[in-house]
Amino acid sequence: MLSFERVKINHADPKKRLQGFTIEPLEEYSDSSAVAEASRCIGCNICTQACPASLDIGGYIKSTAVGDPAQTVRIVFENLPFPAIIGRVCTHMCEDICVLYDTGGPIAIRHLKRYAADKFDDYSSIISVPKRKFVGKNVAVIGGGPAGLTAAYYLSIQGVKVTIYEKLPALGGFMKTGIPRYRLPQDVLDKEIGYILSQGVEVHLNTEVGKDVSFKELMNKYDAVFMSVGNQKPRMTGTPGSDAENVVHATEFLRRSSFGEKIDVGKNVVIIGGGFTANDSSRTALRFGAQNSYIFYRRREVDRPGYPSMNAEEEMEEADEEGVHYVWEVTPFEYVKKGNRVVAVKYWQNDMVSDGKGRAKPVPNKDKVQTIDADYVIEATGQENDYTFMEEEYLRKLRLTPQGQPIVNPNGMTSIPGLFSGGDSTNGNRDLISAVRDADQAVLGILQYLNLMDKVSEEFIPLLDRWKKYSTMAAKIAYSERSA
Ligand SMILES: Cc1cc2nc3c(=O)[nH]c(=O)nc-3n(C[C@H](O)[C@H](O)[C@H](O)COP(=O)(O)OP(=O)(O)OC[C@H]3O[C@@H](n4cnc5c(N)ncnc54)[C@H](O)[C@@H]3O)c2cc1C
Ligand code: SF4
């Protein structure tokens with residue numbers, strides 16, 4: 001019988017989850033659950049309009065509904081080479097606008113993608129990309145995060161020789177060094193990155209552009225360069241006491257954890273910030289044995305980055321299950337030190353003041369001072385772009401937005417001919433799927449710039465504007481066809 005209720009996604013026992021980094025919070029759908037959930041979809045594809053990478057969501061949900069997960073993976077691969085990764089950690093804005101939102105709940109689009117992708121250990125058994133001959137063009141990619149890897153995949157399968165330069169000892173960018181392993185297991189990263197590299201991508205790890213190899217050299221040596229360096233330079237608060245040895249930026253904390261370091265965080269951990277990174281730091285600290293993990297945010301819960309969305313609510317639910325404490329509307333103003341270590345954090349309670357324009361502003365009420373014990377302080381207060389790897393002659397030509405992001409044309413090209421840019425350094429969304437979209441766009445731009453459009457295999461070029469095909473009218477027609 002047709003059910004309108006979303007098929008429940010079971011959560012693993014939080015106590016077991018907290019024992020380490022190996023148990024994922026959300027359990028996989030069984031075959032029958034996946035088919036039941038996918039069968040609720042009416043195929044209107046309204047959700048595609050909310051997907052930055054313009055995936056054919058209705059199409060791949062339908063393949064799952066008819067028991068063909070291989071086809072689901074193939075459809076996802078049209079624009080995105082990480083179905084199992086995105087199936088776990090996507091911000092899934094698509095679900096926020098699913099037409100079934102108020103009718104039993106939105107289709108579990110993200111979870112269904114994970115289900116389909118996890119069916120296959122090796123995508124080469126289900127995807128046949130053309131064995132392309134070298135087309136005579138070489139492209140350098142700076143940074144091996146999701147944007148760089150996506151560009152490398154779609155260019156390589158067109159016969160372009162791609163070389164990735166990555167300063168760390170591993171590929172993945174923040175997929176590897178930010179998102180913790182309990183949300184994104186290492187074997188999932190290995191499977192999907194491994195498949196991309198199997199297309200013939202050359203990789204130089206531990207190679208920092210600007211230090212081990214110059215930017216200028218890459219610009220001269222390659223026919224085009226894709227700059228996907230992320231937004232990685234830590235922004236610290238400068239709170240008095242932040243020079244103590246037990247105060248770190250979240251990206252450093254999470255990076256060390258991702259490379260297997262066991263960090264002694266003590267009993268009480270205070271995290272400053274309110275986004276993904278604060279949550280991941282807090283939950284990681286609990287896995288390192290913290291008894292109390294507090295997230296200090298200067299605004300209200302509803303003001304957190306990413307609100308309102310299902311993603312933010314789900315993230316909060318998982319954090320609540322694990323015992324993360326949130327302290328809203330506060331401003332830390334001193335890390336109290338004993339020797340070279342912080343032992344407490346002093347903070348003011350904020351008043352939220354609205355001037356009628358935009359969101360209410362947090363104003364510290366300095367009469368309301370409070371103190372909390374702290375054995376470890378993590379600042380999840382954002383990052384900035386860093387262009388120190390570029391020589392002055394290029395920096396002068398690179399046009400930036402007022403926020404310091406490279407300005408790119410609709411083909412992803414910067415103001416420097418042959419230099420393309422995408423991902424966190426370039427878009428304001430700062431999530432994986434937007435990094436993928438930027439890379440898809442730059443792939444088309446690079447192929448055009450290198451005059452390769454008449455040589456490419458069109459079937460394997462990312463299709464950027466699929467969403468334009470779908471409208472509310474299309475949804476109505478699709479719905480009436482289904483129910484006829
Ligand atoms: C803790 C945390 C949790 C997150 N959780 C999510 C989530 O759940 N869902 C989601 O969608 N997004 C999430 N994000 C955001 C997401 O990870 C980013 O949007 C995405 O990784 C950006 O991709 P990118 O390729 O632009 O850059 P990055 O992933 O930042 O990769 C950039 C790469 O470039 C390398 N690099 C930089 N400079 C140089 C140089 N000079 N030479 C060589 N290499 C260089 C870096 O080492 C890095 O590997 C999270 C981010 C963090 C920090
Ligand atoms: S918006 Fe339409 S196509 Fe997309 S998941 Fe919901 S019902 Fe399916």
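Residues numbered from 1 in each chain as written. Chains lettered and ligands numbered in written order. Predicted model: local features only at pLDDT ≥ 70, side-chain atom pairs only at ≥ 80, totals over all residues. Heavy atoms only, no water.

Caption draft 1: Summary view of the sheet that holds strand β1 (residues 138–142). As summarised here, the arrangement of the five strands in space is β3-β2-β1-β4-β15, forming an open sheet in which the pairing is parallel. Whereas interior strands pair on both sides, the edge strands pair on one side only; in this sheet they are β3 (202–204) and β15 (419–421). When strand polarity is set aside, the average angle formed by the axes of neighbouring strands in this sheet is 20°. Here four bridges tie β1 to strand β4 (residues 224–227), and the two strands are oriented parallel to one another. Bridge pairing in β4 links Ala140 to Val225. The sheet strands contacting helix α8 (residues 146–156) are β1, β2 (161–165) and β4, and the helix crosses β2 at an angle near 165°. Sheet strands touched by helix α16 (residues 432–449): β1, β4 and β15. Its angle to β4, the strand with the most contacts, is close to 170°. (Pairing = 2+ DSSP bridges. Helix = DSSP H or I, 4+ residues; strand = E, 2+ residues; numbered from the N terminus. Axes fitted to C-alpha atoms, helices over the stretch in contact; angles between N-to-C directions. Contact = heavy atoms within 4.5 Å.)

Caption draft 2: Looking closely at empty space enclosed by the protein. For the structure shown, the criterion picks out three cavities of 30 Å³ or more. Empty space within the largest cavity amounts to approximately 200 Å³. Considering the residues around the largest cavity, the lining is formed by 17 residues, among which Leu26, Arg88, Arg110, Arg183 and Glu318 are closest to the centre. At the level of secondary structure, the elements contributing two or more residues to the lining of the largest cavity comprise α5 (83–89), α7 (109–118), α13 (276–287) and α14 (310–322). (1 Å grid on protein atoms, 1.4 Å probe; cavity = no way out; pocket = protein on both sides within 12 Å on 5 of 7 lines; lining within 4 Å. Points joined across faces, edges and corners; volume = space filled by probe spheres on them.)

Caption draft 3: Inspection of the packing of helix α3 (residues 57–65) against helix α4 (residues 69–77) at higher detail. It is at 7 Å that the axes of α3 and α4 come closest, and there the two elements cross at 165°. What the angle tells us is that α3 and α4 run roughly antiparallel. Pair α3 / α4 crosses with left-handed handedness. Here α3 contributes Gly59, Tyr60, Ser63 and Thr64 to the contact with α4, which in turn contributes Pro69, Gln71, Thr72, Ile75 and Val76. (Parallel < 35°, antiparallel > 145°, perpendicular 65-115°, else oblique. Left-handed = near helix turned anticlockwise from the far one by under 90°.)

Caption draft 4: View of helix α12 (residues 250–258). Restricting attention to buried positions, one finds in α12 the residues Ala250, Thr251, Phe253, Leu254, Ser257 and Ser258. Taken end-on, α12 shows its buried residues confined to a sector of 160°, consistent with a single buried face. Buried residues along α12 sit in contact with α9 (174–177), β5 (233–234), β6 (247–249), α13, β13 (376–379) and β14 (383–384). Taken from the residues just after α12, Gly260 is the one with a positive phi, measuring 95°. (Buried < 20%, exposed > 50% of the residue type's maximum accessible area, 1.4 Å probe, protein only. Arc of directions from axis to C-beta.)

Caption draft 5: Summary view of the pairing of strand β10 (residues 330–338). The pairing of β10 with strand β11 (residues 341–353) spans eight bridges and is antiparallel. Within β11, the residue paired with Glu334 across the bridge is Lys346. Between the antiparallel neighbours β10 and β11 lie two residues, among them Gly339 with a positive phi of about 65°.

Caption draft 6: Up close: the packing of aromatic side chains. The tally for this structure, following the rule as stated, stands at 18 aromatic pairs. Taken together, a centroid distance of 5.8 Å and an interplanar angle of 70° make the contact between Phe215 and Phe389 edge-to-face. Note that Phe215 is positioned in helix α11 (residues 215–221) and Phe389 in the loop between β14 and α15 (392–395), a separation of 174 residues in sequence. A single burial state applies to Phe215 and to Phe389, both of which are buried. Look at Phe333 and Trp348: their rings are 4.1 Å apart centre to centre, the planes differ by 15°, and that puts the pair in the stacked class. (Phe/Tyr/Trp six-rings, centres within 6.5 Å; stacked < 30°, edge-to-face > 60°.)

Caption draft 7: Inspection of the site of ligand 1 at higher detail. As a matter of local geometry, ligand 1 sits amid 34 residues, with Val89, Glu166, Arg183, Gln232 and Asp424 nearest to it. Ala147 has a polar backbone atom sitting 3.0 Å from an oxygen atom of ligand 1. Separating an oxygen atom of ligand 1 from a backbone N or O atom of Leu432 is a distance of 2.9 Å. Protein chains bury 98% of the 990 Å² of accessible surface belonging to ligand 1 in isolation. Where the shell around ligand 1 is concerned, the elements lending two or more residues are α8, α13 and α16. By residue number, the principal contributor to the shell around ligand 1 is α13, which donates three residues. (Near = heavy atom within 4 Å. Polar contact = N/O pair within 3.5 Å; in protein donor to acceptor, adjacent residues only side chain to side chain. Areas by Shrake-Rupley, 256 points an atom, 1.4 Å probe, with all protein chains shown as cover.)

Caption draft 8: Region of the structure containing the packing of α8 against α16. At their nearest, the axes of α8 and α16 sit 8 Å apart, and the two run at 40° to each other. Judged on the interaxial angle alone, α16 and α8 are oblique. The crossing of α8 and α16 is right-handed. Between α8 and α16, the residues in contact are Pro146, Ala147, Thr150, Ala151, Tyr154 and Leu155 and Leu432, Ala435, Val436, Ala439, Asp440, Val443, Ile446 and Leu447, respectively. Looking at the contact of α8 with α16 residue by residue, the classes come out as 12 nonpolar, one polar and one charged. (Nonpolar A, V, L, I, M, F, W, Y, C, P; charged D, E, K, R; others polar.)

Caption draft 9: The arrangement of the site of ligand 2 in detail. The full set of residues close to ligand 2 is Cys41, Ile42, Gly43, Cys44, Asn45, Cys47, Gly58, Cys98, Val99, Ile107 and Ile109. Classifying every residue of the shell around ligand 2 by side-chain character gives eight nonpolar, three polar and no charged.

Caption draft 10: Spatial organisation of the domain arrangement of the protein. Each assigned domain of the protein is listed with its residue range as follows: domain 1 (14–126 + 465–483), domain 2 (138–231 + 387–456) and domain 3 (234–383). The C-alpha centroid of domain 3 is placed 31 Å from the C-alpha centroid of domain 2. Taken over both partners, the interface formed by domain 2 and domain 3 buries close to 1,100 Å², and the fraction arising from carbon and sulfur atoms is 58%. Sorting the residues of domain 2 by area buried against domain 3 places Thr177, Tyr182 and Arg183 first, and these three jointly supply 45% of that buried surface. Inspection of the region where domain 2 meets domain 3 yields one salt bridge. (Domains from an automatic or database assignment. Buried area = accessible area lost by both parts, 1.4 Å probe. Salt bridge = Lys/Arg side-chain N within 4 Å of Asp/Glu carboxyl O.)

Caption draft 11: Spatial organisation of a negative patch on the surface. A cluster of acidic residues, Asp121, Asp122, Asp187 and Asp190, forms a negative patch at the surface. Mapped onto the elements of the fold, Asp122 is located in the loop between α7 and β1. For Asp122, a relative accessible area of 40% corresponds to the partly exposed category. (Patch = residues over 30% accessible without salt bridge, like charges linked within 9 Å, V, L, I, M, F, W, Y side chains within 5 Å. Lys, Arg positive; Asp, Glu negative; His and termini not counted. Charge placed at Lys NZ, Arg CZ, Asp CG, Glu CD.)

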